[in-house]
Amino acid sequence: MRIGIDAGGTLVKIAYILNDKLELLKLPSKELLQAVNWVKETLDTPEICVTGGKAEQLAKLLPFEMKRIVEFEATCKGVQYLMSHSKQEEGPFVLVNVGTGTSIHYVNGEEHVRIGGTGVGGGTMIGLSRLLTGIENYQEFILSEVGGQRDELDLKVKHIYEGSEPPIPGELTASNFGNLNSVPANVPISDYLSSVIGLVGETVATASVLAAAQRGISRIVYIGSSFSGNQSLKKVVAEYTVLREGQPIILDNGEYSGAIGALLSL
Ligand code: ATP
Ligand code: MG
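Report on the accompanying structure. Please read all numbers here as calculations on a predicted model, not as lab measurements.

What follows is about helix 9 (residues 257-264). Side chains three or four residues apart in an α-helix point the same way, a direct result of the helix having 3.6 residues per turn. By the criterion of burial, helix 9 is predominantly enclosed, with seven of the eight residues buried. Within helix 9 the residues assigned to the buried category are Ser257, Gly258, Ala259, Ile260, Gly261, Ala262 and Leu263. Each element contacted by the buried residues of helix 9 is listed here: strand 1 (2-7), strand 2 (11-18), strand 3 (21-28), strand 4 (47-51), helix 3 (71-85) and strand 11 (219-223).

Once that is clear, we can look at unusual backbone geometry. Not every positive phi belongs to a glycine, and Lys87 is a case in point at roughly 55 degrees. Residue placement: Lys87 occurs in the loop between helix 3 and strand 6 (93-98). Look at Lys87 and you get exposed, because its relative accessible area is 74%. Positive phi, close to 60 degrees, is recorded for Asn253, a residue that is not glycine. You can see Asn253 is positioned in the loop between strand 12 (247-250) and helix 9. For Asn253, a relative accessible area of 38% gives the class partly exposed.

Consecutive side chains of a regular strand alternate in pointing toward one face of the sheet and then the other. The buried count for strand 1 comes to five of six residues, which makes it a mostly enclosed element. The pairing of strand 1 with strand 4 spans five bridges and is classified as parallel. Looking at strand 4, one finds that Gly4 is bridged to Cys49. In the sheet, strand 1 pairs with strand 2 via five bridges, with the strands oriented antiparallel. By the bridge assignment, Ile3 is partnered in strand 2 with Tyr16.

With that settled, consider the sheet that holds strand 8 (residues 111-118). Across the sheet, which stays open at both edges, the five strands sit in the order 8-7-6-11-12 with mixed pairing between neighbours. Strands at the two margins of the open sheet, each flanked by one partner only, are strand 8 and strand 12. Strand-to-strand twist in this sheet, taken as the mean axis angle between neighbours without regard to direction, amounts to 25 degrees. As paired elements, strand 6 and strand 7 (residues 102-108) share six bridges and run antiparallel to each other.

This part is about the site of ligand 1. Taken together, the neighbourhood of ligand 1 is formed by 17 residues, with Gly9, Thr10, Lys13, Thr100 and Ser225 sitting nearest. One nitrogen or oxygen atom from the main chain of Gly9 is found 2.8 Å from an oxygen atom belonging to ligand 1. The separation between an oxygen atom of ligand 1 and a polar main-chain atom of Ser226 is 3.3 Å. For ligand 1, the protein covers 82% of the area, taking 650 Å² as the surface of the free molecule. Given that more than half its atoms are within 2 Å of the pocket grid, ligand 1 belongs to the largest pocket. For the shell around ligand 1, the secondary structure elements donating two or more residues are strand 2 and helix 4 (122-133). The element best represented in the shell around ligand 1 is helix 4, accounting for four residues. Looking at the shell around ligand 1 residue by residue, the classes come out as four nonpolar, eleven polar and two charged. Each of domain 1 (2-86 + 256-264) and domain 2 (116-250) contributes no fewer than three residues to the shell around ligand 1.

The rules we used
Residues numbered from 1 in each chain as written. Chains lettered and ligands numbered in written order. Predicted model: local features only at pLDDT ≥ 70, side-chain atom pairs only at ≥ 80, totals over all residues. Heavy atoms only, no water. Buried < 20%, exposed > 50% of the residue type's maximum accessible area, 1.4 Å probe, protein only. Helix = DSSP H or I, 4+ residues; strand = E, 2+ residues; numbered from the N terminus. Contact = heavy atoms within 4.5 Å. Pairing = 2+ DSSP bridges. Axes fitted to C-alpha atoms, helices over the stretch in contact; angles between N-to-C directions. Near = heavy atom within 4 Å. Polar contact = N/O pair within 3.5 Å; in protein donor to acceptor, adjacent residues only side chain to side chain. Areas by Shrake-Rupley, 256 points an atom, 1.4 Å probe, with all protein chains shown as cover. 1 Å grid on protein atoms, 1.4 Å probe; cavity = no way out; pocket = protein on both sides within 12 Å on 5 of 7 lines; lining within 4 Å. Sits in = over half its atoms within 2 Å of the grid points. Nonpolar A, V, L, I, M, F, W, Y, C, P; charged D, E, K, R; others polar. Domains from an automatic or database assignment.

Printed below as a string of structure tokens:
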């Protein structure tokens, strides 16, 4: 059996074909042995292709020969596969991988080049949330954020320009966590989590829109496990991208792009 593995900073993503169906699976990177055992137990004589920052650590633990592919090559291949299967238009786009950190690339057919990135990503979202609220578990983070409001903690442009017409859209955030009138004891946990998601989502969207403008395009494809089950991040990123005149696409199963690309290159 063939499998593609993307061993990232936070999660190991696995893609394989079973009974003609593409199967996808995620396991925590900090327990690499769990992924190793899964591969050993599930597959007899696997043909494996690995990618990602923890690919070599994983390869050392697996008693099989395996092919390697550069992370971004794999990601691009996987993204092209997912885009064609979800009937997205052809043509150039900026690809933004919101993983542990965020990586921004320009893709046009076979051509692809890294534009840049930001350390503000999914790791920031989880790390800052943990520091502010003590929540460590991802599912608990997602559930605890439901119903969170940002008005207590963030400051919008329209709040500063109160009573007069702002020169830029009033709905833009003037300062994330910049509303110093809030009384910390009165702020619910869900608000902290929503504002953290706002900070990460708006930073990512802003960097992405600027990168797209630099290339003279507006289409931005977002991938990465940071969007998994995270409706609030999807909403912030999509809305902020539109507000900044970009065209967002948050790709379903986009976090598996690297693993799918690795699988396809076998
Ligand atoms: P990188 O590509 O930067 O090396 P990665 O490939 O591991 O990292 P992703 O899997 O795309 O990154 O995304 C990791 C982020 O996804 C985490 O930082 C967190 O915000 C979010 N996430 C989603 N599901 C989980 C989970 N079950 N456990 C922990 N984080 C999760
Ligand atoms: Mg990754």
